[in-house]
Structures are given as structure tokens and as C-alpha cells.
Amino acid sequence: METSEISETESSSRHLYTNSMESRISQLGSRGIIDRNQFVRIITQSLYSLGYNKAASSLESESGVILESREYASLLFDVMSGRWESCISTINSVPDIDTAVRASASFLVWKQHFLELIGSNQVLFSIDVLRNQISPLGVEKRMKHSLAQLILSFEEREETRADHSVVLRRIGLLLDLIELLPPWIRIPQLRLEHLVETAVSKQVESCEYHNSPKAVTLYEDHKCSSDQIPSACSQILYNHKNEVWFVQFSHNGKYLASSSSDFTAIIWTVEENDTVSFKHCLADHDGPVSFVSWSPDDTKLLSLGTGQKQTLKLWDAKTGTCLVTLNCQISSCAWFPTSDKILCASSASGNNNNKIFSCNLEGNEIHVWEGERIPKVSDLVISNTGQLFMCADKDIWICEFPMGKERVIHEEHTITSLSLSKDGEFFIVNLNSQEIHLRQVDRLNKLPDKFKGHMQNKYVIRSCFGGFNCSFIASGSEDSKVYIWRRGCENPITVLNGHSMTVNSVTWNHEKPHMLASASDDHTICIWLANKG
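Here the structure is a predicted model, which is why all the values come from computation and not from measurement.

Structural notes on the overall build of the protein chain
Phase 1: Per the secondary structure count, the protein chain includes 11 helices and 30 strands.
Phase 2: By the compact-globule yardstick of 24 Å for 533 residues, the protein chain is too spread out, its C-alpha radius of gyration being 34 Å.
Phase 3: A total of 533 residues make up the protein chain; the buried ones form 46% of that total.
Phase 4: Restricting the contact set of the protein chain to residue pairs at least 6 apart, pairs at least 24 apart contribute 46%.
Phase 5: Summing over all exposed atoms, the protein chain offers an accessible surface of approximately 27,700 Å²; the carbon and sulfur share of this is 50%.
Phase 6: Side-chain charges in the protein chain split into 50 positive and 64 negative, and the spacing between the mean points of these groups amounts to 2 Å.

A short note on the nonpolar core
Phase 1: Judged by nonpolar contacts, the single largest core of 30 residues is most densely connected at Val109, Phe114, Ile134, Leu147 and Leu177.
Phase 2: Taken together, the elements giving at least two residues each to this core come down to helix 4 (70–81), helix 5 (84–93), helix 6 (99–119), helix 7 (123–134), helix 8 (141–152) and helix 10 (163–180).
Phase 3: Looking at which element gives the most residues to this core, the answer is helix 6, with 8 residues.
Phase 4: Excluding residues that lie within four positions of it along the chain, leucine 177 makes contacts with Leu75, Val79, Ile91, Ala105, Leu108 and Val109.

Some thoughts on helix 4
Phase 1: Given a rise of 1.5 Å per residue, 12 residues ought to cover 16 Å, and the 16 Å separating the end C-alpha atoms of helix 4 matches this to within 8%.
Phase 2: A positive phi of about 75 degrees marks glycine 82, the residue just after helix 4.

Points about the packing of aromatic side chains
Phase 1: Inspection of every chain in the model, using the stated rule, returns 8 aromatic pairs.
Phase 2: A centroid spacing of 6.5 Å and a plane angle of 70 degrees characterise the contact between tryptophan 369 and tryptophan 397, whose relative ring orientation is edge-to-face. In this pair, tryptophan 369 sits in strand 15 (residues 365–370) while tryptophan 397 sits in strand 18 (residues 395–400), placing the two residues 28 residues apart along the sequence.
Phase 3: Owing to a relative accessible area of 8%, tryptophan 397 belongs among the buried residues under this scheme.

Focus: the packing of helix 5 against helix 6
Phase 1: Orientation of helix 5 relative to helix 6, taken along the N-to-C sense of each, is 175 degrees, at an axis distance of 10 Å. Here helix 5 is positioned roughly antiparallel relative to helix 6, judged by the angle of their axes. On helix 6, the residues touching Trp84, Glu85, Cys87, Ile88, Ile91, Asn92 and Ser93 of helix 5 are Arg102, Ala105, Ser106, Val109, Trp110, Gln112, His113 and Glu116.
Phase 2: Within the contact of helix 5 with helix 6, the residues separate by chemical class into 7 nonpolar, 5 polar and 3 charged.

A few points about the sheet that holds strand 9 (residues 300–305)
Sheet strands pair via backbone hydrogen bonds, and the direction of the pair is either parallel or antiparallel.
Phase 1: Spatially, 4 strands are ordered 8-9-10-11 in an open sheet, and the strand pairing comes out antiparallel. Of all strands in the sheet, those with a lone pairing partner are strand 8 (289–294) and strand 11 (321–327), marking the two edges. Neighbour-to-neighbour, the strand axes of this sheet turn through a mean angle of 20 degrees, independent of strand direction.

Details of the sheet that holds strand 20 (residues 415–420)
Phase 1: With antiparallel pairing, the 4 strands of this open sheet are ordered in space as 20-21-22-23. Edge positions in the sheet fall to strand 20 and strand 23 (449–452), since each has one partner strand and no second. Here the strands of the sheet are splayed against their neighbours by 20 degrees on average, with no regard to which way each runs.
Phase 2: Sheet topology note: the strand 21 (residues 426–431)/strand 22 (residues 435–440) ladder contains 6 bridges and is antiparallel. By the bridge assignment, isoleucine 428 is partnered in strand 22 with leucine 438.

Focus: helix 7
Phase 1: The set of residues buried in helix 7 consists of Ser126, Val129, Leu130 and Ile134. Each buried residue of helix 7 sits inside an arc of 95 degrees when the element is viewed along its axis, so together they form one side. Residues of helix 7 that are exposed and point over 90 degrees away from its buried face: Leu124, Phe125 and Arg131.
Phase 2: Buried residues along helix 7 sit in contact with helix 6 and helix 8.

Cut-offs used in this document
Residue positions are given per chain, counting from 1 as you read along its sequence in written order. Side-chain atom pairs in this predicted model are given and counted only at pLDDT of 80 or more, local residue features only at pLDDT of at least 70, and totals for whole chains, interfaces and linings cover all residues. The side-chain values count all of the structure's non-hydrogen atoms but skip hydrogen atoms and water molecules. What counts as a helix is a DSSP run of H or I of at least four residues, what counts as a strand is a run of E of at least two, and both are numbered from the N terminus. Only C-alpha atoms enter the radius of gyration, while the globule expectation follows 2.2 Å times N to the 0.38, with N the number of residues. For each residue, the accessible area found with a 1.4 Å probe, counting protein chains only, is set against the maximum for its type, and the residue is called buried under 20%, exposed over 50%, and partly exposed in between. Any two residues whose heavy atoms approach within 4.5 Å are treated as being in contact. Using the Shrake-Rupley algorithm and a 1.4 Å probe, accessible areas are obtained, with residue cover drawn only from the displayed protein chains. Positive charge is attributed to Lys and Arg, negative charge to Asp and Glu, and no charge count is given to His or to the chain ends. A charged residue contributes its charge at one atom only: NZ of Lys, CZ of Arg, CG of Asp or CD of Glu. Here the nonpolar core consists of buried residues drawn from Ala, Val, Leu, Ile, Met, Phe, Trp, Tyr and Cys, with membership extended through side-chain atoms lying within 4.5 Å. One less than the residue count of a helix, multiplied by 1.5 Å, gives the span that helix is expected to have. Here a Phe, Tyr or Trp ring, Trp counted by its six-membered ring, pairs with any other such ring whose centre lies within 6.5 Å, and the pair is stacked when the planes are under 30 degrees apart, edge-to-face when over 60, and tilted otherwise. Axes here mean lines fitted to C-alpha atoms, for a helix over just the part in contact, with angles spanning 0 to 180 degrees between N-to-C directions. Orientation is classified from the angle alone, with under 35 degrees giving roughly parallel, over 145 giving roughly antiparallel, 65 to 115 giving roughly perpendicular, and any other angle giving oblique. When residue character is reported, Ala, Val, Leu, Ile, Met, Phe, Trp, Tyr, Cys and Pro are called nonpolar, Asp, Glu, Lys and Arg charged, and the others, Gly included, polar. Being paired, for any two strands, means DSSP has found at least two bridges between them. Note: the arc covers the axis-to-C-beta directions of the helix.

None of this, on its own, says anything about what the molecule does.
Structural data, given as C-alpha cells:
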């Protein structure tokens, strides 16, 4: 065989091999669900958007797959040139689109033609377009009437005359057509980034232990280990001399406050190395202290005493000085987002003596909400938008204080505590049926997510949101343990052992999602840390 014949045979074989390979890889991926041409177009678009124009152009040339479809190229030229019949021809050539979509796209084209004719005072031609092109499309009468009205409106005709107005309207028409027509005509901007981001987000959302703000790598599938959750007891605080009933980290994560049946509240400092040190002992109460609350700006602290007086005290967090004392049978309190007002629930003796009132930092009442309808509130909180959430017996009240709309959600069992997520979009309630219920504020009609596993029969047990993006829920328990759930999972992912008696309260450091604190009847506070690596 001669050399030329061998060369022709090799060339023919190579061509057949290439065609065979291309047909085999028309669908990519292990599952064969990725269209090769679509994949190449999306990569090309990403290269252009990243500024790698030569690489993108080279990919188009080598693959034979052009980024912009013929239909888009035609529409771009015809729209900007005012070739309306050609635009309609291109729209009609697009396969597999709904008749209504095709009519809507055609309407946009003829509407633009109509407006330009009006702008150039070609009234008779505009009437012809309205009658012969727009009317047969079956658009709503009000849309046709609004166009017809332009024929009589000199001022609106003048607005469409300027050259820049025509150019802008044509660009707007092109964008509107792209929105209507199938996405293969012109790929949505940043499509590859969107696909990758969606895939990564799904992996993170399905990761049981993800609790880190660090960037997620693209080099491997995402999966965290359980050491991302605060589960190692790094420190035990022994300063309280009796049961510790409540703990709460400050909003900036730099401080921790606790309250106890030893008649005191304590402010602690959270050090940079994640150790917690004593700062102030607030020892001015004449009874057990059931609750503390940081002001949104973290400069002040409220402490609520129990017993006959149920006094509320306002403290300067920096100096530990008591600024104001309120003696009015207060059962619960919360801060307004501005840090300059407090909302209190008061339950005096008698059936109709319940009231809710706001006051300034001098203790002077501003608004009072009272009467037979006012419930005996056991817990309340105010969102960043000023919305009031409170629980009373088996009901959850959501309202705008003092005279706004209100919504009441009924539970089958007694509610002992309520907590709001940092973004104010979700709230949880602890029930004495040994369940925690989570609801989304904007979807109150939806059944709540339920969390089980902890013990709660006799005491007030408090839970909290926490972790990165408030993705977790933590709760104390009467079996001396701390339970942690991932939102969306009914059963706990981690159970912490470290206390010897009932755990009354837990708090998660929002600025340090690897840090959790728990308060117990064993007189201690445990600090729990995760592996920050």
C-alpha cells in the first residue's frame, strides 16, 4: 500500500474515531445527565465573565459550540435595528414554547414598534399596527386601551421621541424577550457560579455537623465531623453557691451573664483564648434571681428576682452598678431593639391584674396594656423589628405593642419558655410534654418542626438557637444533660454529659459558634467548646 493511501486511511479512521467519541460524550457525568453542548456553553460564559476572553474564544473554536445562539444573535441585531418583522420570524422559529408565551413575546415587539411610530407622529401607521398586529394576539383589552390612549396624548408621545429613549426602550425590549423565551436562547448570567453555589449549599445544608463560617472547598464533597459541635467541657465555673437558673452570652460574644437562686447574678468576661473569667457579682437582690437579659448594645443588664417582690434591676454592665430598681411583681421582661426601653409583664394578685407595659431606663412607664384580655405572661421577647413574642400557659402571642395586630397560636401542652433566632425569622418554645416546637414567623400556618429526646416534666427548661447561621438548637434537660439538634432533625445529634443535676438553661455564643454554656442545679456553669480547626 502506498504512503498516500495509508495516510488517507489513517485520516478516515481518525475522523470516524472522533465522531464516535463525540457521539459517546454527548452526555457527560457518571449518570449521563449533563448535556455536553450545554456544559461547554456554560463554561464559555464563565470564562468570558472572568475576563478570560482568549480562552473562551479558543474553547468556542475548538469545541464548535458557540456561546450565543443564532436566535439571540438575530434578536439582538433585529431589535436594535428596528427590524420588527424579522423579530417576529425569529420568535416564531423557536420550538417548544407555549402559545401564550409566543403571543406575549410578539406583543412586546409590536408594542415597541407602535411606541416608536407614536413618537415620530406616524399616527396612521401606529393605528394599523394596533389593529392588524396587536389585536389578533388576544391581549387584554386594558392593555390595548392604554396603547390607544397614547394616540390622543401629545405629552406622552413627546416622551418617546428622543433618540436615547428609543435606544433604551429597545435594550429593555431585548431583555424582556430574553426573560420570556427559553434559557437556551441566552444563558442566564453567571450560570456556572449559580450551579456550583447551589450544589455546595445543598451539601452544607445536608451536613449534620456544619458549624463554621470558613469557606467551603470545591475540591471535595463537603462533610464535617462531629467535633465541629461544642462537646468538650473546657471549663467549669463554681462561683455560684446555689442552683444556677439562667445563662446568656452578650450579643457581641464578649461577656456571659448568669443568675442563681443564691440571690446573685454574675457577669463574666469571655477571653480571646475562649476561657471565661469572673468580672462582677451583682448582689443587690433579696431573693433568687431567675433571669438576666443583655441590652442590644451590651452596655446594660437586666436581672429579675423571684419571690414576693419580684424586683427587676437594671445594671451598668461595665461597672456592675445598679442603676434602677422596679418593684412591681414583674414576671418577665425584654429589651426594645434601641436599648433605651424595656418591656415588662406584670402579674399581681387577682384575676384581672395582669398588664404589659413599656418603660424608659429611669423606670417611668410609657405605654400600658392592661385589661381582662391580658394573659399571665411567663416569657417574652422582642425581635429586631419590634415585634413582640410572648407565651402564656398554652398560648403563643405574636403582636405589635401596644395597639397593633396580634396572632395567637395554641399548643396542646403548657409552654415554659420561648426563644427567638438571631435574625428574628424563627422561634422555639419548650413544652412540658418533653418537646420543643420550632416555627417560622412568616409561615405560622405550617405545622411546627418538633425536637425530642430531652427530659422536661416539672421544671422550667430553656433552649436556644445557636451555631453558624443559627443552624442548631440546644436545650437543657432534667436528666442532667445538654441536648443538641440540627434544625430539621427531630432527634438530637449530640448529647453532652458534664452536670450532675438538672440543666436549666443553655446559651450559644453567636460570635463564637464553637462555644456553648450551660447552667445547672448542681451550682455550676459548664463551658463547652468545639474544635475550631
